[in-house]
Amino acid sequence: MSSDHDMNRLPSPPPPTPDARDAAVQQALLRFDRKSAGNVQGIATDIRLIERTAASPRPSRERPVMKRTRYLLAASLACVVAGSGAYLHLARSPQLAHFAAPVEQKVASNEVAQAEPTVQAKKESENQDRPQTRVQTVTPAAKPNLEAAAPSAAAAPPPAKPHVENQAARLLVPQAPFATGRVQGPLQGTPSPYSARSRADYMIDDGFNRVSPPAYAQQMAPAESLRDHTQRERVPGVSEPVGRDQFANAPENAFKVARDAPVSTFSIDVDTASYAFVRAQLNRNVLPPAASVRTEELINYFPYDYEAPASPDEPFRANVAVFPNPWAEGRKLVRIGIKGYALQQTNRPRANLVFLIDTSGSMQPPNRLPLVKQSLAMLVTQLQPEDRIAIVTYAGNAGTALESTSVSEKAKILATIDRLEAGGSTAGAEGIRRAYALAEQNFDASGVNRVILATDGDFNVGITNKDELKGFVERQREKGIFLSVLGVGAGNYNDALAQTLAQNGNGVAAYIDTINEARKVLVQEASSTLFPIGKDVKIQVEFNPAAVAEYRLIGYETRLLNRADFTNDKVDAGDVGSGQTVTALYDIVPVGGPRTVDDLRYGAPAPASGSPSPTEYAFVKIRYKLPRSDRSTLISTPVDRGSESARFEDAPLDARFATGVAAFGEILRGGKHTGQFGYDDVLRIASAARGDDPYAYRAEFLQLVRAAKTASAMQPLRP
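Conventions used here
The numbering scheme is per chain: residues are counted from 1 as the chain's sequence reads. This being a predicted model, a pLDDT of at least 70 is required before a residue's local features are given, and a value of 80 or more before pairs of side-chain atoms are given or counted; all residues contribute to the totals for chains, interfaces and linings. Only hydrogens and water are set aside when side-chain values are computed; all heavy atoms of the structure are taken into account. Elements are defined by DSSP. Helices are runs of H or I of four residues or more, strands are runs of E of two residues or more, and each kind is numbered from the N terminus. Contact definition: two residues touch when any of their heavy atoms are within 4.5 Å. Note on areas: these come from Shrake-Rupley sampling with a 1.4 Å probe, and a residue is covered only by the protein chains present in the view. When a carboxyl oxygen of Asp or Glu lies within 4 Å of a side-chain nitrogen of Lys or Arg, that pair is called a salt bridge. We call a residue buried when its accessible area falls under 20% of the maximum for its residue type, exposed when it is over 50%, and partly exposed in between, using a 1.4 Å probe and counting protein chains only. The rule for pairing is simple: two strands pair if DSSP sees at least two bridges between them. Helix axes use the C-alpha atoms of the stretch in contact, all axes being lines fitted to C-alpha atoms, and the angles between their N-to-C directions lie in the range 0 to 180 degrees. Pairs of N or O atoms are called polar contacts if they sit within 3.5 Å, as long as, within protein, a hydrogen donor faces a hydrogen acceptor (for residues adjacent in sequence, only side-chain-to-side-chain pairs). Only centres within 6.5 Å qualify two rings of Phe, Tyr or Trp (six-membered ring in Trp) as a pair; their planes then separate them into stacked at under 30 degrees, edge-to-face at over 60, and tilted for everything else. The quantity called pLDDT is the predictor's confidence in a given residue, expressed from 0 to 100.

(A) Looking closely at the overall build of the protein. Looking only at helices and strands, the protein has 21 helices and 18 strands in total. In the protein, the proportion of contacts linking residues at least 24 apart, taken out of those at least 6 apart, comes to 78%. For the protein, the accessible area works out to roughly 33,400 Å², and carbon and sulfur atoms hold 53% of it.

This is how it looks when you write it as structure tokens:
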């Protein structure tokens, strides 16, 4: 055997001829193909065998590799160009925008590597590409990885595509809300206000039903990718503030001695905002603030089956009842009920409406502006083609989103509502001025002229003084233009301002906490909300000191009037809408009953308990004006023993249910006058008197009473 030194001295073997080298390569490839005959490689095995065994003057080892690489590269570029074009087309359409997000994420996160490979890299990729191609061609989701693994055969990279992707990104990146009330949205080529939030942020939970978000919230929520091809961060829903709600703080009515003050006078109240706010708080598992509970609004939230008047010439009829007080033995309750005449749809007047919509930054949460838009859209569907609607928005300043338009152009009105966005401070007074100016320009002398304000009441720019706004609204009321308020939101809800504006604008104040409440106020009760059948309605009750020792009006603390105001037609009072019911309850102590106020030492002695009982407890007088009259009309009815029930269980069904609601309101306010009466007692009374409940309002009330039993006393502060 030769040593290593001898081996190094041997001459080098001669290089193989080109024909021999090519023949060896062809043989190796044939062996590889036979071994992998059962695998799919993109080109049929028989075709490749024919191609490789065919005569060629100069077969090249690079040729199959180059052909395969060019094929993959061409397919990759075709996919990129076609996908980008389809993505841009989809992104331009708001209705199809939600299909664009997956395409954007794939294109953005998987760019094709275009660096020129070395010869050694080509050889390594040849051995890796074949099996990898077999796996990746199975699922389309792996195409970006396939493109990245296929190096270019040419030195120059394929053309870049920043132009298409930048256009798509511009379509989907959410813009900051404008600081003005200017209308913007998908129909103008700008993003929807829902584009930066998830669908879950727009689910409105009323405690019983989860209501789906608007169409744009469902379509635009998934489209979230940044221009720099990174995953766009979710924008969290705007959190509700806590503890900045404002309410009119009026003390509870106390018992009065009938001998000293036999007359009680108040304005009727058909508002229901307090009930809806109480419900919203209990659905958050929090007891409402005592100042937010107006017992009369809880009672008047429900319709009652009172006897209706027969003619619009006398639009009211009083219904009275006397029965034992269930929470105080020896005392009685006097129920006074009023039902307004119900206008027929064909006989109602035309409506000239102006929607005044708060689009300030505080209206961004889903239970504010998005809910307002859904609510007003439902109202539009209830109006007649001859009615007219204008839309004014206000934020940092006010703007006219829609001039007065006939409801026959319903699509135009709904499109304008859809495009509203929130942003900026709240110049509410400027918006009110512009809304009234539009209402005056299109004033209908034979119709109803009304401004409908939708706001959280957080006015912080311009005239913020409540008395100044009140004076302005009063002057417009004298011109025949009324104002109603739809309140939304919690945490900074200005209920005191909403009540002031609605009361002095001859309108209603409603609180919209769910889409179901919007349907109740603006669909099921649209006629009573918009069309009054009586204005400046006042009630005066004169108690008979011979039969009643003391009395207390339950609720209506913010609606009390002086005795002389009853006959003064210049004094404003509440309005009653078409078919609306109003209920008032008095807690009375009959002569000889358990007194709550001691007699004066030097006053006149009370009547002896053994003297004959008079036939009348009280006398009820009601004054009202017809919608186009400035002179009031008087109707009256006695409260005598013929309307009395000896047992509470024998009282009218509606009277018993109203008593349960009144007790619930009094307990929420602290239970100063209800003694040991509790939530279980309320449930017992209200359940037995539920009666006919076509819209399940009374069933919902029972659930709220149960919720109050376990609710927290205060909402926890957010970190």
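(B) Structural view of the pattern of salt bridges. Scanning the model with the defined rule gives 29 salt bridges in all. Two residues, aspartate 444 and arginine 350, come together in a salt bridge whose shortest N-O distance is 2.8 Å. One end of the pair, aspartate 444, is in the loop between helix H14 (428-441) and strand E10 (448-455); the other, arginine 350, is in the loop between strand E6 (332-340) and strand E7 (351-358), with 94 residues separating them in the sequence. By relative accessible area, arginine 350 is classed as partly exposed at 36%. Its salt-bridge partner being aspartate 536, residue lysine 625 comes within 3.0 Å of it at the nearest N-O pair. Here lysine 625 is found in strand E17 (residues 616-625), whereas its partner aspartate 536 is found in strand E13 (residues 532-543), with 89 residues between them in sequence.

(C) How the structure looks around the sheet that holds E6. Spatial strand order, E3-E14-E16-E6-E5: five strands in an open sheet with antiparallel pairing. The open sheet has two free edges, formed respectively by strand E3 (256-257) and strand E5 (316-324), since each of these has just one partner strand. Sheet analysis places E5 next to E6, joined by nine bridges and oriented antiparallel. What sits directly across from asparagine 319, in E6, is glycine 337. Of the strands in this sheet, E5, E6, strand E14 (548-553) and strand E16 (581-590) touch helix H19 (residues 653-668), which is tilted by about 75 degrees from E16.

(D) Representation of the side chain of glutamate 550. In this structure, glutamate 550 sits in strand E14. Here valine 597 takes part through its backbone nitrogen, which lies 2.9 Å from a polar atom of the side chain of glutamate 550. When near neighbours in sequence (up to four residues on either side) are disregarded, glutamate 550 contacts Phe255, Lys256, Val257, Ala258, Asp587, Ile588, Val589, Arg595, Thr596 and Val597.

(E) Representation of the packing of aromatic side chains within the structure. Following the criterion strictly, the structure yields 24 aromatic pairs and no others. Ring centres of phenylalanine 277 and tyrosine 493 lie 5.9 Å apart, and the angle between their planes is 25 degrees; on these two criteria the pair is classed as stacked. Of the two residues, phenylalanine 277 is situated in helix H10 (residues 273-283) and tyrosine 493 in the loop between strand E11 (481-487) and helix H16 (495-504); the sequence distance between them amounts to 216 residues. Summarising the burial analysis for this pair, phenylalanine 277 and tyrosine 493 share the class buried. Where phenylalanine 302 meets phenylalanine 701, the ring centres are 5.8 Å apart and the plane angle is 80 degrees; that geometry is what we call edge-to-face. Of this pair, phenylalanine 302 sits in the loop between helix H11 (295-299) and E5 while phenylalanine 701 is found in helix H21 (residues 697-710), placing the two residues 399 residues apart along the sequence.

(F) Broad picture of the confidence of the model for the protein. Counting all residues, the mean pLDDT for the protein is 76, and 66% of those residues have values of 70 or more. Contacts from residues 40-57, a stretch scored under 50 in pLDDT, to residues over four places away or in other chains number 18 contacts. Across residues 94-238, confidence stays below pLDDT 50; counting only partners more than four residues off in sequence or on other chains, it has 227 contacts.

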